[in-house]
Amino acid sequence: MAENHPVGFQWVVEARERGAQVIHVDPRFSRTSAMANIWAPLRAGSDILFLGGLIHYVLENGKDFREYVVHYTNASSIVPEDFKDTEDLGGVFSGWDAKNKKYDASTWFYEGCVERDKDVPYDVSAHCGHCKEGGGTTIDLTRCNSDHTLTHPRCVYQLLKKHFARYTPEMVERYCGVPKERFLKIAETFCGASGPEKTGAICYALGWTQQSKGPQIIRAAAILQLLLGNIGRPGGGILALRGHASIQGSTDIPTLYDILPGYLPMPQLGIDSDNLEAYIEKHRDLTGWWWNFDKYMVSLLKAYYGEAANANNDWGFDWLPRVTGDHSHQGYFLEMMDGKIEGLFVMGQNPAVAGPNSRFERKALSKLKWLVVRDMVELETASFWYDSPEVERGELRPEEISTEVFLLPAAGHAEKDGCFTNTQRLLQWHQKAVDPPGDARSETWFMYHLGRRLKEKARKDPRPRNVGLNALTWDYSLEGKLQEPKVEEVLQEINGYTVADRKLVSGFGELKADGSTACGCWIYSGVFPRPGENRANLRNSQDYLGHGWGFAWPSDRRIIYNRASADPAGRPWSERKKLVWWDQQNKEWTGLDVPDFTKTKPPDYRPYKDAEGDDALAGDKPFILHADGVGWIWAPKGLADGPLPTHYESLESPVRNPLYPDEQDNPAVMKEERPQNEYANSPDARFPFVMSTYRLTEHHTSGAMSRMLPHLAELQPEFFCEISPELAKERGVENGGWVTLTTARGLVEARALVTARMRPLLINGKNVHQVGVPYHWGYRGLVKGDSANDLVAISEEPNVRIMEAKGILCDLLPGRRAQGKAALEQLSAHLGGSNAH
Amino acid sequence: MPISAFLTDASLCIGCKACEVACKEWNEIPDDGFSWSGNSYDNTRALGASTWRHVLFLEQKQPMGSQLAGIDEPFRWQFLSDVCKHCANAGCLEACPTGSIVRTEVGSVFVQPDICNGCGYCVVSCPFGVIEKRPDDGRAFKCTFCYDRQKAGLIPACAKACPTESIQFGDLEVLRQRGKKRVEVLQERGYSDARIYNPQETTVGGIHALSVIFGEPEAYNLPPAPEVPTVYLKSAWTSAFISAAIILAIVCAAFSF
């Protein structure tokens, strides 16, 4: 966090100054470790073992916050008899279809749920987009079988105990490489931050997400935090430290292919795309907040299609594109290589350096007919056709590449108005300071004028494919000599308005499913409640939660699910940790934060018969987005690879899976193994070391924004890798000398930074060396170097399709790599003579 | 006007180098060359003509208070942002023959670039090795204490950019007291080698950029007892006169025989 979020890390330093214990678990000793009270190195890829060890510790030592766990989590829910755990089936859960590499999740669902409408079969396998809570309007999750004593052998709490029984401190020591004593110190310290008086938070970043089991690692953290009562309370939570500014914003209003704004799923061809009714039926919940799904969807369609959207044409539902396959970054590039993709827009991204198996991706770019790159400089993605290593190696010839590259200059963030949403869901507006230079323009300008021109073309072309484009509202006013669209008008559209009078709504509570309201992103509603009142632009913080500074979605709640900060009766768990509580006198929820709960629903509220939506959740159910109103220790649906996290090795690992000899890695993962995207064996004598890519404070992602600036370039001017003195000795490498790093995909040369901050770990009796590889360099800029991502494979985690860039196998040898064509021969020789493509 | 000072606290520095970059941006200083050092994360290496704030990275086989870091042996990684000390008796100022280097009303030592003739006397006179001539320019440069910002009521760029308040800016006396207290707090917390770097007893007569550090100052390239070279002037000139007199006497004696 100190490395990549130094500004946010000031609060960690301040907390430490006030007595908080900071624990850092990371393969390398980083700037964060230097500031922590406790550091533990662990083997990359063993995170679930480590977190499972903590869960085991909590359960074995009775450290859970019992009252919280009983009332606010699904620990008491009962799972059907035909569910089988990985511990029963040698590494897979029940429902595994080995042929299609997919789960049928029906045995994971709670026992005894009431089906209110027998006519519609309940499909538990429904999951797409980020709307994982979706699942139909017939099942009443609030009334599943449960046992509040947590003793029923099939209740979630007991299954959890059984599932994590083997995640002992000894196992953690043996396979994570964390000495037992250090692990126990961490367990004792972190589990101590629990109960009425204390809380603890977990921060994670790409070290967890960029793995073949990333979401399940985060699930493990969620289980731990729910057991400790650390969600919805001040000082608690799990914070995703995002990779760049506004990555949170780019999932809320997504640049992802499978969701629409506000985490509404993108319709998938043949699954939920027939008509709006069926789509809503599939994704709306009978109970809980997602009962309002239709309001948000119809309002979104009204924002998109305006007057053209009406009840007779499903509000324009059919004009939305359908997901027809894997349109993720990885899927795109695989298809591109196969010649199935004609053109590509690349905006604010640099896949030629930052993409997994960037060597593969650069070659795939050469198969395009056209490529539009918008950025502030000519970065590697725009210049791959004449100065990439593939050109030097004779793999690509500029005269044979027919890709037409359009490089368009982009404005920087100080040259345009706009909004960032940070990791704590806080929207912060920024104003343009100066006009962009020359022909550089903002993204808004580019998208608006591109859309305008496309619409002008489409207007003259009556083909059915153009109906949606013609219907699209595109009516922003323009200002200034650059004819920039007014970005605040976009934010107003996102906020939502009543269609009849274009009056801004004050929040998503006003949205309707009858077409009378329009809203571009329901969770942001309330950010612009009145003309002239852009709440993202507020700059007057009034309390420690920051109310008065920016706007936190939803409804300016700074801590989500904050009903959990009070006990079931509505009283703060403690004076020290009070946040929101039930005011008996005024009969409403009140407190230091905006209550994330229906304001007038008393703690002792019990739903009436056949209640729907929020009315169906009792007054002591804080997790209102879940159909059962509780935190999910157990995921009864929504995940592609299991209701509980379980340890699998990385796709390339120096050891065999100690838990499941027959299931080495995540069985549901898509390895996309093919020529040019090959894998090492696990283990593999050719590739004995574990490497992970990461970033340094001094550079920004692929370096396109930092390698071009002298004041940043000089701070880390060369590509290097970090290795322990032990590994350096073993391979005859001197500090500052050159080394060649090789994986099954490629080879790069780097300088060796030999440091005690890296250390070998004793894994199952053998020393395992880890290599740290920052990935900021490419073949352009003031400072250049090979790209670490040439080494990484294109793989797809089954839930979110991210690649694995942590815990892959490599070799490290002293000396520079061969230059030019000879580099390919060197790689081929290392692979043992197989084709080096 | 009160005397301005920095208090830079190694116990709060996270090594982000925001101070280095903010300093260069504000003062329009060129880069210091693109050369990788192999010495931890320190690639700007030292204070100089084009690096007026420099973050030092120290990897040591020593414990840091009660921190649980090293596994088999103690280990700590320290960061400290170093800067011109703006000495009460400044060697550079005393050595400057042109009057380019002056003392400002905030107590800082300021090089007037329009007067500096590049003689370089100041460079050898700084006990901290701070001021340096820029090769392609010829003149000497160092931290201005953001005199321009201070005149406009702003704090120096480095202190402004520091995310963790490791660099504090303020009145010298206040910061001396704060530094002292900070050391006491750190020692209470088990950082037994915490100390303040604030040499007042030597001929520099006190510095205006104090540091809270751990262990010996030498590890941070800070001289434990910095002296202004000009204090040796009297004895140097005296011995020169004596030598000259002796030589003269010998020469005279040679002719008298």
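What counts and how
- Residues numbered from 1 in each chain as written.
- Chains lettered and ligands numbered in written order.
- Predicted model: local features only at pLDDT ≥ 70, side-chain atom pairs only at ≥ 80, totals over all residues.
- Helix = DSSP H or I, 4+ residues; strand = E, 2+ residues; numbered from the N terminus.
- Buried ≥ 20, exposed ≤ 12 C-beta atoms within 10 Å, placed from the backbone.
- Contact = placed C-beta atoms within 7 Å.
- Rg over C-alpha atoms; globule rule 2.2 N^0.38 Å.
- Pairing = 2+ DSSP bridges.
- Nonpolar A, V, L, I, M, F, W, Y, C, P; charged D, E, K, R; others polar.
- Axes fitted to C-alpha atoms, helices over the stretch in contact; angles between N-to-C directions.
- Parallel < 35°, antiparallel > 145°, perpendicular 65-115°, else oblique.
- Left-handed = near helix turned anticlockwise from the far one by under 90°.
- Core = buried A, V, L, I, M, F, W, Y, C linked by C-beta atoms within 7 Å.
- pLDDT = per-residue confidence, 0-100.
- Expected span 1.5 Å × (residues − 1).
- Arc of directions from axis to C-beta.

Broken down by element type, chain B carries 7 helices and 10 strands. Once the C-alpha set of chain B is aligned to its principal axes, its extents read approximately 80 × 45 × 40 Å. Here chain B holds 257 residues, and 44% of them are scored as buried. For chain B, long-range pairs separated by at least 24 residues make up 63% of all intrachain contacts whose partners lie at least 6 apart in sequence.

Of the regular secondary structure elements, chain A holds 24 helices and 31 strands. Taken over C-alpha atoms, the radius of gyration comes to 27 Å for chain A, in line with the 28 Å a tight globule of 837 residues would show. Here chain A holds 837 residues, and the buried ones make up 53% of them. Counting only contacts in chain A whose residues sit at least 6 apart along the sequence, the fraction spanning at least 24 positions is 69%.

Residue and element names in this part refer to chain A. Pairing within the open sheet is antiparallel, and its 3 strands lie in the order E14-E15-E21. Only two strands of the sheet have a single neighbouring strand rather than two, namely strand E14 (418–421) and strand E21 (551–552). Here strand E15 (residues 426–430) runs beside E21; their pairing, made up of 2 bridges, is antiparallel. What sits directly across from Leu 427, in E21, is Phe 551.

Now for the interface of chain A and chain B. Facing the 39 residues of chain A at the interface are 28 residues of chain B. Taken together, the elements giving at least two residues each to the side of chain A that touches chain B come down to helix H1 (6–17), helix H2 (31–35), strand E2 (38–40), helix H8 (180–192), helix H22 (710–713) and strand E27 (747–754) of chain A. Sorting elements by how many residues they give to the side of chain A that touches chain B places H1(A) first, with 5 residues. When the residues that make up the side of chain A that touches chain B are grouped by side-chain class, the tally is 21 nonpolar, 9 polar and 9 charged.

Let's shift gears to the pairing of strand E22 (residues 580–583) of chain A. Residues and elements named next belong to chain A. Across 4 bridges, the pairing between E22 and strand E23 (residues 588–591) is antiparallel. The residue bridging Trp 581 from the neighbouring strand is Thr 590, located in E23. Here E22 folds back onto E23 in antiparallel fashion, the turn holding 4 residues, of which Lys 587 has a positive phi close to 55 degrees.

All names here are of chain A. Strand order in the open sheet formed by 3 strands is E19-E18-E20, with antiparallel pairing between adjacent strands. The open sheet has two edge strands, strand E19 (503–504) and strand E20 (517–518), and neither has a second partner. In terms of strand pairing, strand E18 (residues 497–498) meets E19 through 2 bridges, oriented antiparallel. If you follow Thr 498 over to E19, its bridge partner there is Lys 503.

With that settled, the discussion passes to the environment of Pro229(B). All names here are of chain B. With respect to the element layout, Pro 229 can be found in the loop between strand E10 (209–214) and helix H7 (233–256). With 105 residues separating them in the primary sequence, Pro 229 and Val 124 have C-alpha atoms 8.6 Å apart. Not counting the four nearest positions on each side in its chain, Pro 229 is found in contact with Gly 91 and Ser 125.

Right, let's get into the packing of helix H7 (residues 169–176) of chain A against H8(A). Residue and element names in this part refer to chain A. Across the interface, H7 lies against H8 with an axial gap of 9 Å and an inter-helix angle of 120 degrees. Between H7 and H8, the crossing angle belongs to the class labelled oblique. H8 is crossed by H7, and the crossing has right-handed handedness. Seen from H7, the contacting residues are Pro 169, Glu 170, Val 172 and Glu 173; seen from H8, they are Lys 180, Phe 183 and Leu 184. Among the residues making up the contact of H7 with H8, the classes are represented as 4 nonpolar, no polar and 3 charged.

The axes of two packed helices give the description: the angle between them and the distance between them. Residue and element names in this part refer to chain A. Put simply, helix H3 (residues 47–60) and H7 touch, their axes get as near as 9 Å, and they point 165 degrees apart. With respect to H7, the axis of H3 lies roughly antiparallel. As H3 packs across H7, the resulting crossing turns out to be left-handed. Where H3 abuts H7, its residues Leu 49, Phe 50 and Gly 53 lie against Pro 169, Met 171, Val 172, Tyr 175 and Cys 176. Of the residues assigned to the contact of H3 with H7, the class counts are 7 nonpolar, 1 polar and no charged.

Looking now at the nonpolar core. With 285 residues, the main nonpolar core has Ile55(A), Leu224(A), Cys721(A), Ile723(A), Leu741(A), Cys810(A) and Cys92(B) as its most contacted residues. With sequence-adjacent residues up to four places away left out, Leu224(A) is seen in contact with Leu51(A), Leu54(A), Ile55(A) and Val58(A).

Moving on, we come to unusual backbone geometry. Of all residues except glycine, most have a negative phi; of all peptide bonds, most are trans. Omega for the bond connecting Trp553(A) with Pro554(A) falls within 30 degrees of zero, at -5 degrees, which places this linkage in the cis form. With respect to the helices and strands, the residue Pro554(A) is situated in the loop between E21 and E22. We note that Ser555(A) has phi near 55 degrees; this positive angle belongs to a residue other than glycine. On the secondary structure map, Ser555(A) appears in the loop between E21 and E22. In the Ramachandran plot, Asn221(B) falls in the positive-phi region, its phi being about 60 degrees despite a non-glycine side chain.

The next subject is the confidence of the model for chain A. Taken residue by residue, chain A gives an average pLDDT of 95. The fraction at 70 or more is 96%. In the model, residues 119–134 of chain A has pLDDT below 50 throughout and makes 50 contacts with residues more than four positions away in sequence or in other chains.

All names here are of chain A. On the secondary structure map, Thr 107 appears in the loop between strand E4 (102–103) and strand E5 (114–115). The sequence separation of Thr 107 and Ser 94 amounts to 13 residues, and the corresponding C-alpha distance is 6.8 Å. Dropping the residues within four chain positions of it, Thr 107 is found in contact with Pro 80, Asp 82, Phe 83, Ser 94 and Gly 95.

This part covers H8(A). All names here are of chain A. For H8, with 13 residues, the first-to-last C-alpha span of 18 Å sits near the 18 Å given by 1.5 Å per residue. Those residues of H8 that fall on the buried side of the exposure criterion are Phe 183, Ile 186, Ala 187, Phe 190 and Cys 191. All buried residues of H8 fall inside an arc of 110 degrees around its axis, so they share one side. Relative to its buried face, H8 has exposed residues pointing more than 90 degrees away, namely Glu 181 and Glu 188. Of the surrounding elements, those touching the buried residues of H8 are strand E1 (23–25), E2, H3 and H7.

Another aspect to go through is helix H10 (residues 214–227) of chain A. All names here are of chain A. Here H10 is 14 residues long and its end C-alpha atoms lie 20 Å apart, about the 20 Å a rise of 1.5 Å per residue gives. The element H10 is largely enclosed, with a buried count of 13 among its 14 residues. Looking one or two places after H10, you find Gly 229, whose phi comes out positive at around 70 degrees.

The next subject is the confidence of the model for chain B. A residue-level look at chain B finds 100% of positions with pLDDT of 70 or above and a mean pLDDT of 95. The ipTM for the predicted assembly is 0.93, set against a pTM of 0.95.

This brings us to the environment of Thr444(A). Residues and elements named next belong to chain A. Along the chain, the position of Thr 444 falls in helix H19 (residues 443–459). For the pair Thr 444 and Gly 418, spaced 26 residues apart in sequence, the C-alpha to C-alpha distance is 8.9 Å. Apart from the residues lying within four places of it in its own chain, the contact partners of Thr 444 are Lys 416, Glu 484, Pro 485, Val 487 and Val 490.

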